[in-house]
Amino acid sequence: MGNWEVVIGLEIHAQLATRSKIFSGSPTAYGAAPNTQADLVDLAYPGVLPVFNGEALRMAVKFGLAIDAHIAPRSIFARKNYFYPDLPKGYQISQYEHPVVGKGAITILLDDGTVKRVGVTRAHLEEDAGKSLHEGLANASGIDLNRAGTPLLEIVSEPDMRSAKEAVAYMKKMHTLVRYLEICDGNMQEGSFRCDANVSVRQQGAAKFGTRAEIKNLNSFRFVEKAIQYEVARQIEIIESGGKVVQETRLYDSDKNETRSMRSKEEANDYRYFPDPDLLPLEIEEGFIDSVRATLPELPDEKAARFARDFALSAYDAGVLSASRELGAYFEAVVTALGQAHAKLAANWVMGELSGMLNRDSVEIGESRISAEALAGLLRRIVDTTISGKIAKEVFESMWSDGKPADAIIEERGLKQITDSGAIERVIDEVMAANPKQLADYRSGKDKLFGFFVGQVQKATGGKANPAQLNELLKTKLAGGQAEPARHS
Amino acid sequence: MLHDLSIGELADRLAARELSSVELTRHFLERIERLNPALNAVITVTAEGALAAAAQADARLAAGERGPLLGIPLIHKDIFCTDGVRTSCGSRMLDNFVAPYDATVVAKLKSAGVVMLGKANMDEFAMGSSNETSFYGPVRNPWDTTKVPGGSSGGSAAASAARLAAFTTGTDTGGSIRQPAALTGITGVKPTYGRVSRYGMIAFASSLDQAGVLARSAADAAAVLKVMAGFDPRDSTSVDAPVPDYPALLDAPLKGLKIGLLREFFDGLEPRNAKLIHDALGVFTALGAETLEVSLPHLPMSVPTYYVVAPAECSSNLSRFDGVRYGYRCDHPKDLTDLYERSRGEGFGAEVKRRIMTGTYVLSAGYFDAYYLKAQRVRRLITDEFRAAFEKVDLLAGPTTPTPAFPIGAKIDDPVTMYLNDIYTIGANLAGLPGVSAPCGLVDGLPVGLQLIGPHFAEAKLLGAAHQYQLATDWHTLRPRGYE
């Protein structure tokens, strides 16, 4: 035993960002008082009928085109029948045999730098259910139907992932994609983007898949990773101790970090799917597909490739900077203002200092307190050697807190680098005079003391001496020679 | 008498201000009060609302407004949601349900100025052919109160035949307008699927349900259908096609019209009924129409096909009646499952439960292909055969029912025999075609109906043919004794 291969497939539920519900005119906004966003259709009153929201179709098609999938010219809504109080009709309108989006694929970047293709089996439109609330009500359950009828795109992957990390990479990539397409707000806390994970294990090289368990309703990347890791370990342990994994639905408990059985295959509902006679088949014409294609933005992979190519960035940097449309746009604005030759510097700062600050203060890139132009203004001062990188970090912090432009801060605090060789030489002379022993030691061969002199000079100048110039002048002076006028750009 | 006048005549008198809508409304309300107890055709009387609506109609008339239905009293089948009025669907499940909105059909008729007198009894959730499955008890046939009026629009048919209103509305899923119209001697129209909005009409089998009219003549039905029909953005299956001016098209001559006699409809038909149908076709021939025999080999499969498709859809449509948000709820449920089981077990009657169980079965894993899918294939075959027939003929003709009205209690314990009562009407529903039943004689003093079926959206042709027939005959003017 021992050599186990993990097989994972994900079903992602992305809430489509339509203003009204998929089959009624109620608004979809999150957070309203219970049942204030449910009309007679959402409440499944006798006699009411669903009317399909065409905006949801436009979004589904947009997604399909983005993953290079087949768009079904004719897809069909079906009823999935089961009883539950938060499902007012007693059936969910979904798509079963004929989904709107067929086979497609996306790529993910693995840790070792290789690119892996993950297949998408299908994506279909369906309505969300309401919510049952069990807390705060004595001897009863509350039902909130605000979410009932919210449009969902269920994206079903092929069982192509081989580790929890790959599953997370796939989910992140999908998360990036749906936000790029502006078809989902991606808010995982509000449940706008969540997934079910199908997990199984098998002996390395085995032809058949092992029996899988489905872990329901994972709403964070961390939970996806932890739940899968737990589930893999559980299944391996069962098999290695001579048992058999049973096909079942499991729930992940994030407090205890474990998965628990919800229902077995035998207890599973027979959903009695059949075409919904209240809704016509969705007929999609080429012209419609073309009109949607015309609205496709530059996709994450395309943007990353362009960044790598045009700005000479590594695949990793290009991937990070294209992870969201907003971040990519910010980065490009910095590069535009600063000049393409300094793209790597811009990349380092956006991914380093800026991202760190955004994270620290939980601010989205769109709300950054330092605009792309302002950041470029700061970086320009590094490029023209007005300040050193080290000083720039100080200036950056001030910019973040006061919102002033870099030049103003440099001016006010006198942070401008000293590039006047005469001035630097004067300080060197003073330092040499004050440290005769070290000077003698250096001159007798203790090269390491060079750093000591650099430190002393910068201490005396408040770190403002241009480092390159300082090095050059100091070397000459310590050697006992006469400095030449320094050149700098 | 006022109640014998056609809708056109009533509209003329109202327009001439010789008659007020309030007078007319009082007249019908009085008849309901006097005659309905023996019939049980009307289960909710909305006298107050009716008189208010009538007064409003009179005010509109006084202001010079005219309309074919302005001020005309009607009764709605209790399957249509009526804002602020109990809408029971003939079921204990909805005995306490006051609809918070008007069905599109109700709203359209309301804005045309009709006066709603009340709501008509019906088979529970429109499931039945005799009006014996109603929670409110059976409806009696005004021609013979020991006989059924047919169903499921039995209350509407009996009310129309007994002249309790100028006309009534109904719905037809497998014959529920045409069959009771035939058994009560009136004219019933089931339009093309999609012609009339289903919004607000409590669903039985969504792919088959269609709203229509039960009236005393084709001309009356034409006036009503013109108002009821039309595209409704709230019903995705309603068809966005202009509504013809049905009343204006009634006089199109029948010369050259090709009528196909459905051979399958005469197999095993009682000779006396068959003779009446042949007599009726003789009238059409005399009017210049041509008749020829047509065969639809798969038509005899209609009943078994229907009893897979309709229950399948109903099993899902009726899932919303769960005791949670409205309608019947059992006392002191122990838990959720108990709430579901007892609310539904106590709220639904036997026939509804039978169909829910049948439907659940045919949709179940392992049976779906053998039943539901196969039924859909047969449905397509039947539809194709109709289409092929309409390449040869303009209309199809045959009987509406195999027999005249049968005694109350005769078939209620034998579902299959009961189901076979719709053997001639179900085909049109499966194919989504319009159909009309018009009275064409009596057998043992009970009315017999002639059925005409047309291609999709051929309502004008159907109503025209029925109207021409009614100009040449007087079967439609016969009134049940005691209701003159």
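Residues numbered from 1 in each chain as written. Chains lettered and ligands numbered in written order. Predicted model: local features only at pLDDT ≥ 70, side-chain atom pairs only at ≥ 80, totals over all residues.

1. Regarding the overall build of chain A
Each helix and strand counted, chain A has 15 helices and 15 strands in total. Here chain A has a C-alpha radius of gyration of 30 Å; the compact-globule value for 489 residues is 23 Å, and the former is much larger. Dimensions of chain A, computed from the C-alpha atoms along their principal axes, are close to 95 × 55 × 50 Å. Out of the 489 residues in chain A, the part that is buried amounts to 40%. Taking all contacts inside chain A whose residues are at least 6 apart in sequence as the whole, residues at least 24 apart take part in 67%. (Helix = DSSP H or I, 4+ residues; strand = E, 2+ residues; numbered from the N terminus. Rg over C-alpha atoms; globule rule 2.2 N^0.38 Å. Buried ≥ 20, exposed ≤ 12 C-beta atoms within 10 Å, placed from the backbone. Contact = placed C-beta atoms within 7 Å.)

2. A short note on the overall build of chain B
Along chain B, the regular secondary structure elements total 15 helices and eleven strands. Over its C-alpha atoms, taken along the principal directions, chain B stretches across nearly 65 × 50 × 45 Å. Split into buried and exposed, the 484 residues of chain B put 61% on the buried side. At a minimum sequence separation of 6, the contacts of chain B that also span at least 24 residues come to 76%.

3. Re the confidence of the model for chain A
Do not read the fine detail of predicted coordinates wherever pLDDT is low. Averaged over every residue, the pLDDT of chain A is 92; residues scoring 70 or more account for 98%. Counting interchain partners and residues more than four positions distant, the pLDDT-below-50 stretch residues 485-489 of chain A has eleven contacts. (pLDDT = per-residue confidence, 0-100.)

4. Section: the packing of helix α7 (residues 325-338) of chain A against helix α9 (residues 372-383) of chain A
Residues and elements named next belong to chain A. Interhelical geometry of α7 versus α9 gives an angle of 45 degrees and a closest axis separation of 8 Å. As the angle between them shows, α7 and α9 are arranged oblique. Like other packed secondary-structure pairs, α7 and α9 cross with a definite hand, here right-handed. Mapping the contact onto sequence places Y330, A333, V334, A337 and L338 in α7 and A372, E373, L375, A376, L379 and R380 in α9. Among the residues forming the contact of α7 with α9, the class breakdown is nine nonpolar, no polar and two charged. (Axes fitted to C-alpha atoms, helices over the stretch in contact; angles between N-to-C directions. Parallel < 35°, antiparallel > 145°, perpendicular 65-115°, else oblique. Left-handed = near helix turned anticlockwise from the far one by under 90°. Nonpolar A, V, L, I, M, F, W, Y, C, P; charged D, E, K, R; others polar.)

5. Here's the deal with the sheet that holds strand β6 (residues 115-127) of chain A
All names here are of chain A. The strand order β5-β6-β9-β1-β10-β11-β12-β13 describes an open sheet built from eight strands, whose pairing is mixed. Since the sheet does not close on itself, it has two edges, and those belong to β5 (104-109) and β13 (258-264), each with one partner. Neighbouring strand axes in the sheet, compared pairwise and without regard to direction, differ in orientation by 30 degrees on average. The sheet contact formed by strand β1 (residues 4-15) and strand β10 (residues 193-203) spans eleven bridges and is antiparallel. By the bridge assignment, V6 is partnered in β10 with V201. (Pairing = 2+ DSSP bridges.)

6. Section: the domain arrangement of chain A
All names here are of chain A. Taken as a whole, chain A is organised into domain 1 (4-291), domain 2 (300-413) and domain 3 (421-478). Between the C-alpha centres of domain 1 and domain 2 there is a distance of 37 Å. Listed per partner, the contact involves seven residues of domain 1 and seven residues of domain 2. Every element with two or more residues in the side of domain 1 that touches domain 2 is listed here: β5 and α2 (164-180). The element that contributes the greatest number of residues to the side of domain 1 that touches domain 2 is α2, accounting for four residues. (Domains from an automatic or database assignment.)

7. Quick notes on the sheet that holds strand β4 (residues 91-95) of chain A
On the basis of which strands lie adjacent, the open sheet formed by three strands has the order β4-β3-β14 (chain A) and antiparallel pairing. Every interior strand has two partners, whereas the edge strands, β4 and β14 (274-275) of chain A, have only one.

8. Quick look at the nonpolar core
Within soluble globular proteins, side chains that are nonpolar tend to cluster in buried spots. In terms of nonpolar packing, the biggest core is built from 231 residues, with A60, A167 and A197 of chain A together with L463 of chain B touching the most fellow members. Ignoring anything within four residues of it in the chain, the contact list for A60 of chain A reads V100, V101, A123, L125 and L153 of chain A. Among the nonpolar cores identified, the runner-up in size contains 37 residues, and V320, F331, V350 and L375 of chain A belong to it. (Core = buried A, V, L, I, M, F, W, Y, C linked by C-beta atoms within 7 Å.)

9. Some remarks on unusual backbone geometry
Cis geometry is found at the peptide bond from G151 of chain B to S152 of chain B, where omega equals 5 degrees. Residue placement: S152 of chain B occurs in the loop between β3 (115-120) and α5 (154-161). Here N35 of chain A, not a glycine, exhibits a phi torsion of approximately 65 degrees, which is positive. Position of N35 of chain A among the secondary structure elements: in the loop between β1 and α1 (54-66). Its identity as a non-glycine residue notwithstanding, N40 of chain B has a phi of 60 degrees, on the positive side. Within the secondary structure layout, N40 of chain B lies in the loop between α2 (21-39) and β1 (42-45).

10. A look at helix α8 (residues 343-360) of chain A
All names here are of chain A. The end-to-end C-alpha separation of α8 is 24 Å, in line with the 26 Å expected for 18 residues at 1.5 Å each. Every buried residue of α8 is listed here: A343, A346, A347, W349, V350 and L354. Where α8 is buried, its residues touch α5 (300-311), α6 (315-321), α7 and α9. Backbone geometry just downstream of α8 places S362 in the positive-phi region, at approximately 50 degrees. (Expected span 1.5 Å × (residues − 1).)

11. Side note on the pairing of β10 of chain A
In this sheet, strand β11 (residues 213-218) of chain A lies alongside β10 of chain A in antiparallel orientation, the contact comprising four bridges. Within the sheet, the bridge partner assigned to A197 of chain A lies in β11 of chain A and is I215 of chain A.

12. Some thoughts on the environment of R272 of chain A
On the secondary structure map, R272 of chain A appears in the loop between β13 and β14. For R272 of chain A, a count of 24 C-beta atoms within 10 Å corresponds to the buried category. Once the C-alpha coordinates of R272 of chain A and Y82 of chain A are considered, the two residues, 190 residues apart in sequence, prove to be 8.4 Å apart. In this structure, R272 of chain A is in contact with N81 of chain A together with T360, L363 and S364 of chain B, ignoring residues within four places of it in sequence.

13. Structural notes on the packing of α2 of chain B against helix α3 (residues 47-62) of chain B
Between two packed helices, what matters for the description is the angle formed by their axes and the separation of those axes. Residues and elements named next belong to chain B. It is at 8 Å that the axes of α2 and α3 come closest, and there the two elements cross at 155 degrees. Here α3 runs roughly antiparallel to α2, going by the angle between their axes. In this structure, the crossing between α2 and α3 has a hand that is right-handed. Contact residues: α2 offers S21, V22, T25 and L29, while α3 offers A47, A50, L51, A54, A55, A57 and D58. Of the residues that constitute the contact of α2 with α3, the class distribution is eight nonpolar, two polar and one charged.

14. Side note on the environment of P159 of chain A
All names here are of chain A. Inspection of the secondary structure puts P159 in the loop between β9 (151-157) and α2. Considering only alpha carbons, one finds P159 and C184, 25 residues apart in sequence, at a separation of 24 Å. Here P159 is in contact with V7, I8, G9, N198 and F209, once residues within four sequence places are set aside.

15. Some thoughts on helix α7 (residues 218-228) of chain B
Residues and elements named next belong to chain B. Within α7, eleven of the eleven residues are buried, leaving the element largely enclosed by the surrounding structure. By the burial criterion, the buried members of α7 are A218, A219, D220, A221, A222, A223, V224, L225, K226, V227 and M228. Directly beyond the C-terminal end of α7, a positive phi value near 130 degrees is found at G230.

16. Some details on the environment of L16 of chain A
Residues and elements named next belong to chain A. Along the chain, L16 falls in the loop between β1 and α1. Sequence separation between L16 and D290 is 274 residues, and the spatial gap between their C-alpha atoms is 20 Å. Leaving out residues up to four positions away in the same chain, L16 has contacts with A56, M59, P151, L152, L153, I183 and C184.

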